[in-house]
Amino acid sequence: MPEAGALAAAGLGLLGLLVGSFLNVVIHRLPQMMERRWAAECASAQGIAEDSSAATESFNLVVPRSFCPHCGHQIRWFENIPVLSYLALGGRCAACRSRISVRYPLIELATAVLFAWCGWRWGMGPGAWVWCGFAAAVLSLAMIDWDTTLLPDDITLPLVWAGLCSAALGLTSTGLSQALWGAVGGYVSLWLVFWGFKWATGKDGMGYGDFKLFAALGAWFGWTALIPIILMASVIGALVGIAMKMGGQLREGGYVPFGPFLALAGLTALFFGPSSILAVLGL
């Protein structure tokens, strides 16, 4: 690895640890923020006065400070150092010693690896920064969808526009025409699958957020990447779904969200390129 690439990978990897810590907050709080917004809109539509205490309580990605869900202990700065604090605390709250999920440091490490890869491949130029943003957004979407079966417009729609703008500015290797038709093809293809499945079964096979996520992947990688990405997502989703069914871990209704597998296929395309996905699948 060239020295410049190694330095860029190290620098962006360290930044990725910090960003990963913030992504944990996004993954946990954004769905709650959406639910609060929906509840307020429903109450307003029904003419119900909003509870004054709830209206004045600030809840966003910054406020209130992070705290232990078991005892309410506010997390101090030295208890919130990515990965290191988890190891130092033995994976437990400093106050009540309740167990902290290992997922938190894993997301921090995953973000660090993704950012380091971008630094290794693109150095410290603009291309690396836009692909780091892509990786952070897609990782967040994967975890939120897995937890809640939601793919927030707050992330999917900016991701579509960011892909188109990056292509227009030459920050990705995807031409603007390819990015535009990738976004259109990604959305329309899953929209058609959705309505075809609903017509045949009377059931919803996926959510509209999946259309938007696939459109975003098309905007970033171009229309030629759509088939490799959807094939990999479908294969991984089928394997995971079968494994969960055999292990009796399917959720109520037997539903497995498709967004995490789309996201994983997109991150695979980031690492190896869309054409490599077809090679892995033997196509």
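In case you missed it, the structure is sitting above this.
In this text the structure is predicted, and so the values were computed from the model without any measurement. (Residues numbered from 1 in each chain as written. Predicted model: local features only at pLDDT ≥ 70, side-chain atom pairs only at ≥ 80, totals over all residues. Heavy atoms only, no water.)

Relative to the assigned elements, Thr 174 resides in the loop between helix H6 (153-168) and helix H7 (176-201). Among the polar contacts listed, one links the side chain of Thr 174 to the backbone oxygen of Trp 220, at a separation of 2.8 Å. Ignoring anything within four residues of it in the chain, the contact list for Thr 174 reads Ala 167, Ala 179, Ala 219, Trp 220, Phe 221 and Gly 222. (Helix = DSSP H or I, 4+ residues; strand = E, 2+ residues; numbered from the N terminus. Polar contact = N/O pair within 3.5 Å; in protein donor to acceptor, adjacent residues only side chain to side chain. Contact = heavy atoms within 4.5 Å.)

Scanning the entire structure with this criterion turns up 5 salt bridges. Between Arg 76 and Glu 79 there is a salt bridge, and its shortest N-O distance comes to 2.3 Å. Since its relative accessible area comes to 36%, Arg 76 is described here as partly exposed. The exposure class of Glu 79 is buried, given its relative accessible area of 10%. With its nearest N and O atoms 2.7 Å apart, the salt bridge here joins Asp 147 to Arg 103. Remark: Arg 103 occurs in helix H4 (residues 103-122) and Asp 147 occurs in helix H5 (residues 126-148); sequence separation between them is 44 residues. Classification of Asp 147 by relative accessible area gives partly exposed; the value is 39%. (Salt bridge = Lys/Arg side-chain N within 4 Å of Asp/Glu carboxyl O. Buried < 20%, exposed > 50% of the residue type's maximum accessible area, 1.4 Å probe, protein only.)

Compared with the 30 Å implied by 1.5 Å per residue over 21 residues, the 30 Å span of helix H9 (residues 226-246) between its first and last C-alpha is a close match. Looking only at H9, the buried set comprises Leu 226, Pro 228, Ile 229, Ile 230, Met 232, Ala 233, Gly 237, Gly 241 and Met 244. Remark: Gly 248 follows H9 within two positions and exhibits a positive phi of approximately 65 degrees. (Expected span 1.5 Å × (residues − 1).)

Counting residues in hydrophobic clusters, the biggest one holds 63 residues, and the most contacted among them are Phe 134, Leu 159, Phe 221, Ile 229, Leu 262 and Leu 270. For this core, the secondary structure elements donating two or more residues are helix H1 (3-45), H4, H5, H6, H7, helix H8 (208-221), H9 and helix H10 (259-272). Among the elements that make up this core, the one with the highest residue count is H5 (14 residues). Ignoring anything within four residues of it in the chain, the contact list for Phe 134 reads Leu 159, Leu 217, Trp 220, Phe 221, Gly 266, Leu 267 and Leu 270. (Core = buried A, V, L, I, M, F, W, Y, C linked by side-chain atoms within 4.5 Å.)

Looking at where Leu 106 falls in the secondary structure, it is placed in helix H4. We classify Leu 106 as partly exposed; its relative accessible area is 48%. Expressed as a C-alpha distance, the spacing of Leu 106 and Leu 17, which sit 89 residues apart in the sequence, is 10.0 Å.

Another point: H8. Between its first and last C-alpha atoms H8 spans 20 Å; for 14 residues at 1.5 Å apiece the expected length is 20 Å, and the two agree. Following H8 by one or two positions, Gly 222 has its phi on the positive side, about 95 degrees.

By themselves, these figures tell us nothing about what the structure is for.
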